[in-house]
Amino acid sequence: MMYRCGWGTKAGQETVLAVEITRDGFEWALRHACLSSYTRGVHPDRATWQRQLKRAPTRVQWDPERDLRLQPLPHRSLQLGLSGEAARRYADKWTVAIRDVTPLAHEIHALVTGGDLASAAWLLPPEHPYPVGDAGLAHLHG
């Protein structure tokens, strides 16, 4: 996700933070989420989806994942937007650590720009599929 802020170089986005939240908090957000766009077969109809979207404290959007050259990968990443109660819970209850990773973002960007993708990839935080189990999240497939 560091590329979205231009590796900490876009105006107004010069600081890159790594925020750690509780699993319980994240799963609460997912359980109370609505897809950010109408999906036939997931929602009964467009009007029902619009009502759900207005009430939902969280919104889910599935974005194409990208490699270090910003080429799309064959899987998607979850983008989760918080508002209202979810934003308050995030700030007051779920957040357990915040780290400034701006220097790391700059270092990775410099390696990518210099063509050393192997070294850049080595510095990226490890990513693993998120096991959701039976958390009642079927409504988030889009």
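Coordinates for the structure precede this section.
Residues numbered from 1 in each chain as written. Predicted model: local features only at pLDDT ≥ 70, side-chain atom pairs only at ≥ 80, totals over all residues. Heavy atoms only, no water.

J.: Describe in detail the sheet that holds strand β2 (residues 33–35), supporting the description with residues and values.
T.: With mixed pairing, the three strands of this open sheet are ordered in space as β2-β3-β4. Here the strands that pair on one side only, and so sit at the sheet edges, are β2 and β4 (72–82). Sheet twist, expressed as the mean angle between neighbouring strand axes with direction ignored, is 40 degrees. Two strands pair when backbone bridges link them, and strand β3 (residues 58–66) and β4 are joined in this way by eight bridges, in the antiparallel orientation. Within β4, the residue paired with Pro64 across the bridge is Arg76. This element, helix α1 (residues 23–31), spans β2, β3 and β4 of the sheet and lies at about 90 degrees to β4. (Pairing = 2+ DSSP bridges. Helix = DSSP H or I, 4+ residues; strand = E, 2+ residues; numbered from the N terminus. Axes fitted to C-alpha atoms, helices over the stretch in contact; angles between N-to-C directions. Contact = heavy atoms within 4.5 Å.)

J.: Tell me what's going on with the environment of Thr22, and back it up with residues and numbers.
T.: Along the chain, the position of Thr22 falls in the loop between β1 (17–21) and α1. Residue Thr22 is classed as partly exposed on the basis of its relative accessible area, which comes to 26%. Separated by 74 residues in sequence, Thr22 and Val96 have C-alpha atoms that sit 6.8 Å apart. If sequence neighbours within four positions are ignored, Thr22 has contacts with Lys93, Trp94 and Val96. Only 2.9 Å separates the side chain of Thr22 from the backbone nitrogen of Gly25, close enough to count as a polar contact. (Buried < 20%, exposed > 50% of the residue type's maximum accessible area, 1.4 Å probe, protein only. Polar contact = N/O pair within 3.5 Å; in protein donor to acceptor, adjacent residues only side chain to side chain.)

J.: Could you give an account of the environment of Ala97, with specific residues and numbers?
T.: Within the secondary structure, Ala97 sits in strand β5 (residues 95–100). Residues Ala97 and Ile21, 76 residues apart in the sequence, show an inter-C-alpha distance of 7.1 Å. Excluding anything up to four places from it in sequence, Ala97 contacts Ala18, Val19 and Glu20.

J.: How would you explain unusual backbone geometry if you had to name every residue and give the values?
T.: Unlike most non-glycine residues, Trp7 shows phi in positive territory, near 60 degrees. Residue position: Trp7 is located in the segment before β1. Residue Trp7 is classed as buried on the basis of its relative accessible area of 9%. Here Leu70, not a glycine, exhibits a phi torsion of approximately 70 degrees, which is positive. By the element assignment, Leu70 lies in the loop between β3 and β4. On the basis of relative accessibility, which here comes to 39%, the residue Leu70 falls in the partly exposed class.

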